[in-house]
Amino acid sequence: MARRAVEQELSRGRILEAARHLFITKGYRAISMRSIGQHLGYSHGSLYYHFKEKAELFYAIVIEDFNTLRGILLQAATGTSDDGLSRLEYLMLEFIRFGLENPYQYEIMFMMHDEELFAYCRTEQNRCVELFASMIRQELSGQGHSEEDCSRVPKSLFLSMHGFVSFYIQDGLTFEEIRPAALAHVKLLCRHL
């Protein structure tokens, strides 16, 4: 098949979505470029037009997913909630929403336990957590909290939200089904700040 035809029929986005699903459901090591191609109904050679190797494909997934989450966090930090939530509550609720609405992405980003893959995720995890922490510090500082609180609280809030998502992601429930619990969780955390 000519390169132009492959490019039109098999998009980078389709490959990323299929690979993301296969990496989560079958495991990174169990999946090959050949199996991704078969899943999509193409030869594995078609994938090499977009990605040189499986590791490059995995890293592209990681980058795309973290960029999506960063965009959501930035929007929440500058936007307002329709529900009358504080900016801090809204930011945390949007993080939880992302995790529950995108379980495959969230698992790749924060829950993979493969040593080889951890290296691909760790830098992006740190960048994301630092962005979240800087937003929380800014909110806390604006509310007159101490420097000590501004340095310690963000990580605790992040870990609490991650724990919430990690617990509920296994149930396969939608964000809307979990929303009351998520809202109560976020409000409880913010009440004690």
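This structure is a prediction, so every number in the text was calculated from the model and none was measured.

Cut-offs and rules
- Residues numbered from 1 in each chain as written.
- Predicted model: local features only at pLDDT ≥ 70, side-chain atom pairs only at ≥ 80, totals over all residues.
- Heavy atoms only, no water.
- Helix = DSSP H or I, 4+ residues; strand = E, 2+ residues; numbered from the N terminus.
- Buried < 20%, exposed > 50% of the residue type's maximum accessible area, 1.4 Å probe, protein only.
- Contact = heavy atoms within 4.5 Å.
- Areas by Shrake-Rupley, 256 points an atom, 1.4 Å probe, with all protein chains shown as cover.
- Lys, Arg positive; Asp, Glu negative; His and termini not counted.
- Charge placed at Lys NZ, Arg CZ, Asp CG, Glu CD.
- Phe/Tyr/Trp six-rings, centres within 6.5 Å; stacked < 30°, edge-to-face > 60°.
- Lys NZ or Arg CZ within 6 Å of the ring centre and 35° of its normal.
- 1 Å grid on protein atoms, 1.4 Å probe; cavity = no way out; pocket = protein on both sides within 12 Å on 5 of 7 lines; lining within 4 Å.
- Points joined across faces, edges and corners; volume = space filled by probe spheres on them.
- Nonpolar A, V, L, I, M, F, W, Y, C, P; charged D, E, K, R; others polar.
- Axes fitted to C-alpha atoms, helices over the stretch in contact; angles between N-to-C directions.
- Parallel < 35°, antiparallel > 145°, perpendicular 65-115°, else oblique.
- Left-handed = near helix turned anticlockwise from the far one by under 90°.

Right, let's talk about the overall build of the protein chain for a bit. Counting secondary structure elements, the protein chain contains ten helices and zero strands. Mapped in sequence order, the helices and strands of the protein chain form the string α-α-α-α-α-α-α-α-α-α. The C-alpha extent of the protein chain, read off along each of the three principal axes, is 60 × 30 × 30 Å. A buried classification covers 46% of the 193 residues belonging to the protein chain. Counted over contacts in the protein chain with a minimum sequence separation of 6, partners at least 24 positions apart contribute 70%. Carbon and sulfur atoms provide 49% of the accessible area of the protein chain, an area that totals close to 10300 Å². Mean positive and mean negative side-chain charge positions of the protein chain (21 and 25 charges, respectively) differ by 5 Å.

On to the packing of aromatic side chains. Counted by the stated rule, this structure contains 13 aromatic pairs. Taking 5.0 Å as the distance between ring centres and 90° as the angle between the ring planes, the aromatic pair formed by F167 and Y168 counts as edge-to-face. Among the aromatic residues, ring-to-ring pairing joins F66, F95, Y106, F110, F132 and F158 into one connected group. The ring of Y28 has K54 lying over it, and the distance from NZ or CZ to the ring centre is 4.1 Å.

With that out of the way, let us pick up the layout of surface pockets. Size it by volume and the largest pocket reaches roughly 210 Å³. Lining the largest pocket are F110, R122, Q125, N126, V129, K155, F158, L159 and H162. Only helix 8 (115–142) and helix 9 (147–169) provide two or more residues apiece to the lining of the largest pocket. Along the lines of polarity and charge, the residues of the lining of the largest pocket split into four nonpolar, three polar and two charged.

Contact pair helix 9 / helix 10 (residues 175–191): the axes reach a minimum separation of 11 Å and the direction vectors enclose 160°. One element, helix 9, and the other, helix 10, form an angle in the roughly antiparallel class. Classified by chirality, the crossing of helix 10 by helix 9 is right-handed. Here L157, S160, M161, F164 and Y168 of helix 9 lie close against helix 10, whose contacting residues are I178, A181, A182, H185 and L189.

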